[in-house]
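# A look at the structure
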Amino acid sequence: MPFKISDTVTWVGKIDWELRTFHGEEYSTHKGSSYNSYLIKDEKTVLIDTVWQPFSKEFVTNLKKEIDLNKIDYIIMNHSESDHSGALVDLMKEIPNTPIYCTKGGVKILKGHYHKDWNFVEVKTGDTLDIGRNKLTFVEAKMLHWPDTMFTYLSGENILFSNDAFGQHYASELMYNDKVDQAELFQEAIKYYANILTPFSKFVVKKIEEVLSFNLPVNMICPSHGIIWRDNPLQIVNKYMEWAKDYQENQITIIYDTMWNGTRRMAEAITEGIKSLNKDITIKIFNSSKSDKNDIITEVFKSKIVLVGSSTINKGILSSTAATLEMIKGLEFKGKKAVAFGSYGWSGESIKIIREELIKAGFEIINEGIRELWNPDEDGLNRCRDLGKDVLEKI
Ligand code: FEO
């Protein structure tokens, strides 16, 4: 249902309550998501972004109830990824000549996805579009999180349309940041940052500093997923600045996989060692084969130290450990420390492989790690407890 959010702007997107994975199977969306599209009715009529293709027909039908499609003067595509551009094909069948404003990168990606020669208008930072009482200003936001991404600022009503930045995969009919459960909201916002934006943190800092230097008033930030920030909207901008600067909490995360519980017992003994010296530090423990991978990544994002454990199997490591390490490597975390551990039966390569992967991922190895033969006995568990103490001393 369309939802008026200011004098001229109406939300015309789609709340997707059913969504449980995004980017294929790469991102878990426990709380669904939304694809936010915004219609501005000033002297000119402007549509900002669309929705994902499965909701394309529904989107166009609902939009027709809100506006005669022929009255849309401009379409702004802040970002070309399919979750925002998917409905363009059906929409452009109805209004094929309507200009689509996007970055140079946006033109390439939209052509690459849909192979259509639509009426593209390339824009860059500082370009403006007068639409009547209000004016639109475009700000390229390259690599937040794709090369084509841009923000659009509506002066007059002082609304920043930020696309993915400041978004959350969070379905809610409540629409606004001040109305939803704050713990849920910030959990989804930090998970989104950790899993999607971490590799682009240096671009995040530069872009936020640039936008803040314009001293523009911001009454609302309207992202393309989740709720709209209207109560103290800059709070999420400030959070992004914290998160982008090698964010850490007082936390250690232990991730393991295990065949016959030897590596699990090692993980628990390491935890005992840490707790024997410091009862206040947060320790989070995950069996990577039984836990949500994106929730693990969110906890890695918060951690000072990460311990990764796997049994040795076929001279290698368990598949869930390999998958977790691959995700960690891609996200290019900075300023974090790590240690490997694992049980083995005869060849015992796992800790060497994990250590090498953690080094490739940019972690500082603070202890050579520990491997225990078969199921660790009390001496073995004490060695793990000592490892936990050593780790804590090197925090
Ligand atoms: Fe929500 Fe990068 O698309």
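Residues numbered from 1 in each chain as written. Predicted model: local features only at pLDDT ≥ 70, side-chain atom pairs only at ≥ 80, totals over all residues. Heavy atoms only, no water.

An unreviewed UniProt entry lists the chain under the name Anaerobic nitric oxide reductase flavorubredoxin, from Clostridium magnum DSM 2767. The UniProt entry for the chain carries this comment under Sequence similarities (unreviewed entry): "In the N-terminal section; belongs to the zinc metallo-hydrolase group 3 family." (UniProt positions renumbered as here; feature names shortened; annotations may be inferred.)

## Description of the overall build of the chain
When you go through the chain residue by residue, the secondary structure sums to 12 helices and 24 strands. By its C-alpha atoms, the chain is 80 × 40 × 35 Å across when sized along the principal axes. Taken across its 395 residues, the chain has 58% of its residues classed as buried. Contacts in the chain between residues at least 24 apart in sequence constitute 71% of all its contacts with a sequence separation of at least 6. Of the roughly 16800 Å² of accessible surface on the chain, 50% is carried by carbon and sulfur atoms. Of note, the chain has its 49 positive side-chain charges centred 2 Å away from the centre of its 56 negative side-chain charges. (Helix = DSSP H or I, 4+ residues; strand = E, 2+ residues; numbered from the N terminus. Buried < 20%, exposed > 50% of the residue type's maximum accessible area, 1.4 Å probe, protein only. Contact = heavy atoms within 4.5 Å. Areas by Shrake-Rupley, 256 points an atom, 1.4 Å probe, with all protein chains shown as cover. Lys, Arg positive; Asp, Glu negative; His and termini not counted. Charge placed at Lys NZ, Arg CZ, Asp CG, Glu CD.)

## What to know about the packing of aromatic side chains
Summed over the entire model, instances satisfying the criterion amount to 20 aromatic pairs. Judged by centre distance (5.3 Å) and plane angle (80 degrees), the ring pair of Tyr74 and Tyr101 falls under edge-to-face. Of this pair, Tyr74 sits in strand 9 (residues 74-76) while Tyr101 is found in strand 10 (residues 100-102), placing the two residues 27 residues apart along the sequence. For the pair Tyr74 and Tyr101, one class covers both residues: buried. Their ring planes at 20 degrees and their centres at 6.1 Å tell us that Tyr101 and Phe138 sit as a pair that is stacked. Within this pair, whereas Tyr101 is found in strand 10, its partner Phe138 is found in strand 13 (residues 135-140), the two being separated by 37 residues in sequence. Accessibility expressed as a relative area gives 12% for Tyr101, which makes it buried. (Phe/Tyr/Trp six-rings, centres within 6.5 Å; stacked < 30°, edge-to-face > 60°.)

## A look at the environment of Gly86
Position of Gly86 among the secondary structure elements: in the loop between helix 2 (82-85) and helix 3 (88-94). With a relative accessible area of 5%, Gly86 lands in the buried category. Between the alpha carbons of Gly86 and Lys108 there is a distance of 15 Å; along the sequence they are 22 residues apart. For Gly86, the contacting residues outside a window of four places in its chain are Thr50, Val51, Trp52, Gln53, Ser56 and Tyr114.

## Quick notes on the environment of Ala194
In this structure, Ala194 sits in helix 5 (residues 182-197). Owing to a relative accessible area of 0%, Ala194 belongs among the buried residues under this scheme. As a C-alpha pair, Ala194 and Leu358 span 164 residues in sequence and 17 Å in three-dimensional space. For Ala194, the residues in contact, after removing those within four places along its chain, are Ile297, Thr298, Phe301 and Leu331.

## Focus: the sheet that holds strand 12 (residues 128-130)
Ordered in space as 12-13-14-15-16, the five strands form an open sheet in which the pairing is mixed. Taken across any chain shown, the strands that pair with only one partner, and hence form the sheet edges, are strand 12 and strand 16 (220-223). Within this sheet the neighbouring strands show an average axis-to-axis angle of 20 degrees, counted without direction. With four bridges joining them, strand 15 (residues 159-163) and strand 16 adopt parallel strand pairing. Note on strand 16: the bridge partner recorded for Asn163 is Pro223. Here helix 6 (residues 201-213) sits on the sheet and contacts strand 13 and strand 14 (150-155); the angle it forms with strand 13, its principal contact strand, is near 150 degrees. (Pairing = 2+ DSSP bridges. Axes fitted to C-alpha atoms, helices over the stretch in contact; angles between N-to-C directions.)

## Here's the deal with a nonpolar patch on the surface
A surface patch of nonpolar side chains, amounting to about 450 Å² of accessible area, comprises Trp346, Leu373 and Trp374. Mapped onto the elements of the fold, Trp346 is located in the loop between strand 22 (337-344) and helix 11 (350-360). Residue classification places Trp346 among the exposed positions, given a relative accessible area of 72%. (Patch = residues over 30% accessible without salt bridge, like charges linked within 9 Å, V, L, I, M, F, W, Y side chains within 5 Å. Salt bridge = Lys/Arg side-chain N within 4 Å of Asp/Glu carboxyl O.)

## Digging into the UniProt feature "domain: Flavodoxin-like" (unreviewed entry) in the chain
In this numbering, the UniProt entry assigns the feature "domain: Flavodoxin-like" (unreviewed entry) to residues 252-392. End-to-end, the C-alpha atoms of residues 252-392 are 9 Å apart, and along that stretch the chain is 46% helix and 26% strand.

## Observations regarding the sheet that holds strand 2 (residues 9-11)
Sheet architecture is open: seven strands sit in the order 1-2-7-8-9-10-11, paired in mixed fashion. Both edges of this open sheet fall to strand 1 (3-4) and strand 11 (120-122), since each of them pairs with a single strand only. Two strands pair when backbone bridges link them, and strand 2 and strand 7 (residues 38-41) are joined in this way by three bridges, in the antiparallel orientation. Note that in strand 7 the partner of Val9 across the bridge is Ile40.

## Overview of helix 5
Since the α-helix packs 3.6 residues into each turn, any two residues three or four apart lie on the same face. Taking 1.5 Å per residue, 16 residues should reach 22 Å; helix 5 reaches 21 Å between its end C-alpha atoms and fits that length. The set of residues buried in helix 5 consists of Leu185, Glu188, Ala189, Ile190, Lys191, Tyr192, Tyr193, Ala194, Asn195, Ile196 and Leu197. In the core, the buried residues of helix 5 are packed alongside strand 5 (27-28), helix 6, helix 7 (234-244), helix 9 (293-302) and helix 10 (319-331). For helix 5, the N-terminal capping position is held by Asp181, with its side-chain oxygen 2.9 Å away from the main-chain nitrogen of Ala183. (Expected span 1.5 Å × (residues − 1). Polar contact = N/O pair within 3.5 Å; in protein donor to acceptor, adjacent residues only side chain to side chain.)

## Thoughts on helix 7
Within the sequence span of helix 7, burial applies to Gln235, Ile236, Val237, Tyr240, Met241, Trp243 and Ala244. In this fold, the buried residues of helix 7 make contact with helix 5, helix 6, strand 16 and helix 9. Positive phi shows up at Asp246, right after helix 7, with a value of about 50 degrees.

## A look at the domain arrangement of the chain
On domain assignment, one finds that the chain holds domain 1 (3-243) and domain 2 (252-393). Here the C-alpha centroids of domain 1 and domain 2 sit 39 Å apart. Taken together, the contact between domain 1 and domain 2 spans 14 residues of the former and 13 residues of the latter. Buried area between domain 1 and domain 2, both sides added, is near 1100 Å², and the carbon and sulfur share of it is 54%. At the junction of domain 1 and domain 2, the tally comes to one salt bridge. Where Asp295 meets Lys191, a salt bridge forms, and the shortest distance between an N and an O atom there is 3.6 Å. Connecting domain 1 to domain 2 are seven residue pairs in polar contact (both at pLDDT 80 or more). (Domains from an automatic or database assignment. Buried area = accessible area lost by both parts, 1.4 Å probe.)

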